[in-house]
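Inside the fold
Here are the chains, one letter per residue:
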Amino acid sequence: MRWSQSFIPTLREAPADAEVASHILLVRAGYIRQLAAGLYSYLPLAWRSLLKIQAIVRQEMDTIGQEFQLPALHPAELWQASGRWELMGGNLFRLKDRWQRDLCLGMTEEEVMAAIAARELRSYKQLPQIWYQIQPKFRDEPRPRSGLLRVREFIMKDAYSFDVDEAGLDVSYQKHDRVYRRIFERCGLRYVAVEAHSGAMGGSQSQEFVVLGEAGEDMVALCQACGYAANLEKASAVPAPFADPDTAAQPERFPTPNARTIAELAAFTGEPAARLAKSLVYIVGDKPVLVLLRGDDEASEAKLGTAFGGAEFRPAHPEEILAATGAPPGSVGPVQLATPVRVLADQSLRGRRNLTVGGNQEGFHIRHVTPGLHFQPEWVDVREVRGGDACPKCGQPLQVSQAVEIGHIFKLGRKYSQGLGVRVLDAAGQEIVPIMGSYGIGIERILTAAIEQNHDANGFWLPKAIAPFEVVITPTNLADPAVAALAQQLYNDLRAQGRDVLLDDREERPGVKFKDADLIGIPARITVGKKAAAGVVEVVDRAHRQTIEVSTADVPTALAEMPE
RNA sequence: CGGGACGUAGCGCAGCCCGGUAGCGCACUUGCUUGGGGUGCAAGGGGUCGCGAGUUCAAAUCUCGCCGUCCCGACCA
């Protein structure tokens, strides 16, 4: 491609409404333009890259499954059958047709795939099936943000497996695990596979693929020593042990005026926050539940969901707390409750003694309270892991890091196959409901994550496999016939070798061309300049900013030897 | 949905507090110049000041309403 005839609208300055690196650079490099909040047009450079990413995904997915093309518009009945019409709330884009029939724009394709399976699959002999598609998906995000990282329309590869039983699902799940790793490796990403929360959809096993980086919205816990990695929604850890004072003192109520928060209580009593127990009250279904945590810990919403058995829950309102416990928020505790309330305690409190807890009376707390002795909680894991906690596998300290989710695989179960009536006969002639898996990859997020991990002050560089062009040829002075001719010859030669080449044939000063070449993500540059008459050019490695001089005949070798 | 900020030429901004009919840099056009990290000179083109209403002789500027965009939080199978 000739630059002079291309549409590559680069910007010298960062757009005012962009903050994260990938967003700023995608706009500056002429990859994307915003159409509305969370909606972006992909200009030619972005689309070339996204097509390459999709080609890799398609090629790898074809080794285990078959591609479909499905409608983006779905009838409401389908989503009502799965229960997601109500469940998804405002996140689902809804619309009506001219007959006032309800429709929605698909956020994923479980329903459509399951509907096809329900109509067509009859025998266990047709299983397993792995079906996938790569298409735009829609989510009416409450807050689109960070450029391409959180948008309302995006391209997702999602795949669904149908198996006779759990053992078959294991196999389908493992196939996806392998294929995903190949995809992300081929895309040149430095990624981590982390254990993930399987969500409220009744999944059993789940793994996320993430790229570490500050732009990410996920938090993951990592162990450098043994490789344990988990999303914070799922991660468990052993909190730093805490030695409680050894005393035979009995529980004792004492006044704590104006000490409502853990920080205030710690200041008032002179005890560290770890010696205090934090009591949170949730309404689970329609009943209050008290959850006890170490004072310096936070509750994980996702883990609470698991602890509550998937029931709907929300933090209790102050008046509900008062009615259930006898005290307003800030003085609530697990003993001497006004009404019988189910009490859960995080397992980090197991074995702890003589803690200080709320007194269920405004302005009072109780000290010398020992779990298991003075109250009998149900033990659960609901605390959010913190950096420095001990790894649950090997005991070494965990690191907590932000991450961008690029893929997610998980065992779905039978929710959709059941809800949409997928049934086949097994070998014994019995009707069974196949079990499903669900596997997603965010196509734009691969591009975005690659930029997040490969950028500097001048721009970014993409791995060769997903860059819009492998190499850009930069003639420094087209008025020099030797330079112009050599650049043209190199362009022809490299294209004849089947490479994606961009020739910067614009009448611009060298400085402008160098700046643009650095900006737009192409991993290699060939500068044709002063030594053109001698047939010598420079091959520049964008990532490492290293330049070598070679004769034109050696250019292919130099490109091949460039570290990825 | 709660909190905050912003909206003036394609982009980045000033002007608004203190009302008098819009300016800077970049980009763009033409000519000359320059030619290894966003050359220099000269001459140009381009703006319903987000939208609507109000106050006023007069509104980018003051008042009210609406819309849009971004950030923090909530949310995110």
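Residues numbered from 1 in each chain as written. Chains lettered and ligands numbered in written order. Predicted model: local features only at pLDDT ≥ 70, side-chain atom pairs only at ≥ 80, totals over all residues. Heavy atoms only, no water.

**Examining the overall build of chain A**
Of the regular secondary structure elements, chain A holds 14 helices and 32 strands. Summarising its shape, the C-alpha atoms of chain A cover approximately 95 × 65 × 50 Å along the three principal directions. Here chain A, with 564 residues, has 52% of them falling under the buried criterion. Once local pairs closer than 6 in sequence are excluded, the contacts in chain A between residues at least 24 apart make up 67%. Surface exposure of chain A reaches about 25,000 Å², of which carbon and sulfur atoms provide 51%. Each charge class in chain A was averaged separately, 62 positive and 71 negative side chains, and the resulting centres sit 1 Å apart. (Helix = DSSP H or I, 4+ residues; strand = E, 2+ residues; numbered from the N terminus. Buried < 20%, exposed > 50% of the residue type's maximum accessible area, 1.4 Å probe, protein only. Contact = heavy atoms within 4.5 Å. Areas by Shrake-Rupley, 256 points an atom, 1.4 Å probe, with all protein chains shown as cover. Lys, Arg positive; Asp, Glu negative; His and termini not counted. Charge placed at Lys NZ, Arg CZ, Asp CG, Glu CD.)

**Structural notes on the domain arrangement of chain A**
Parsing chain A into structural domains produces domain 1 (44-71 + 106-235 + 400-451), domain 2 (252-380) and domain 3 (469-560). If you average the C-alpha positions of domain 1 and of domain 3, the two centres end up 40 Å apart. (Domains from an automatic or database assignment.)

**Here we look at helix H7 (residues 262-269)**
By the burial criterion, the buried members of H7 are Ile 262, Leu 265 and Ala 266. Across the axial projection of H7, the buried residues extend over an arc of 100°, all falling on one side. Of the residues in H7, the exposed ones pointing more than 90 degrees away from the buried face are Ala 263 and Ala 267. On its buried face, H7 is in contact with strand E14 (277-284), strand E18 (355-358) and strand E19 (364-369). (Arc of directions from axis to C-beta.)

**Quick notes on the pattern of salt bridges**
This model, assessed by the stated rule, comprises 43 salt bridges. Between Lys 393 and Glu 195 there is a salt bridge, with the nearest N and O atoms lying 3.7 Å from each other. Highlighted residues: Lys 393 in the loop between strand E20 (378-380) and strand E21 (399-413) and Glu 195 in strand E9 (residues 192-195), separated in sequence by 198 residues. The exposure class of Lys 393 is exposed, given its relative accessible area of 59%. Looking at Glu 195, the relative accessible area reads 30%, which means it is partly exposed. (Salt bridge = Lys/Arg side-chain N within 4 Å of Asp/Glu carboxyl O.)

**Quick notes on the sheet that holds strand E5 (residues 93-96)**
Reading across the sheet, the three strands line up as E4-E6-E5 and stay open at both edges, with antiparallel pairing between neighbours. Edge positions in the open sheet fall to strand E4 (73-75) and E5, since each of these has one partner strand only. Pairs of neighbouring strands in the sheet enclose a mean axial angle of 35°, with direction left out of account. The pairing of E4 with strand E6 (residues 102-105) spans three bridges and is classified as antiparallel. Of the residues in E6, the one forming a bridge with Leu 73 is Leu 105. (Pairing = 2+ DSSP bridges. Axes fitted to C-alpha atoms, helices over the stretch in contact; angles between N-to-C directions.)

**Considering the side chain of Glu 141**
Looking at the element boundaries, Glu 141 is found in the loop between strand E7 (129-138) and strand E8 (153-163). When its relative accessible area of 10% is taken as the criterion, Glu 141 is described as buried. Among the polar contacts made by the side chain of Glu 141, one reaches the side chain of Arg 150 at a distance of 3.1 Å. Sequence-distant contacts of Glu 141, defined by excluding residues within four places in its chain, comprise Asn 91, Arg 150, Val 151 and Arg 152. (Polar contact = N/O pair within 3.5 Å; in protein donor to acceptor, adjacent residues only side chain to side chain.)

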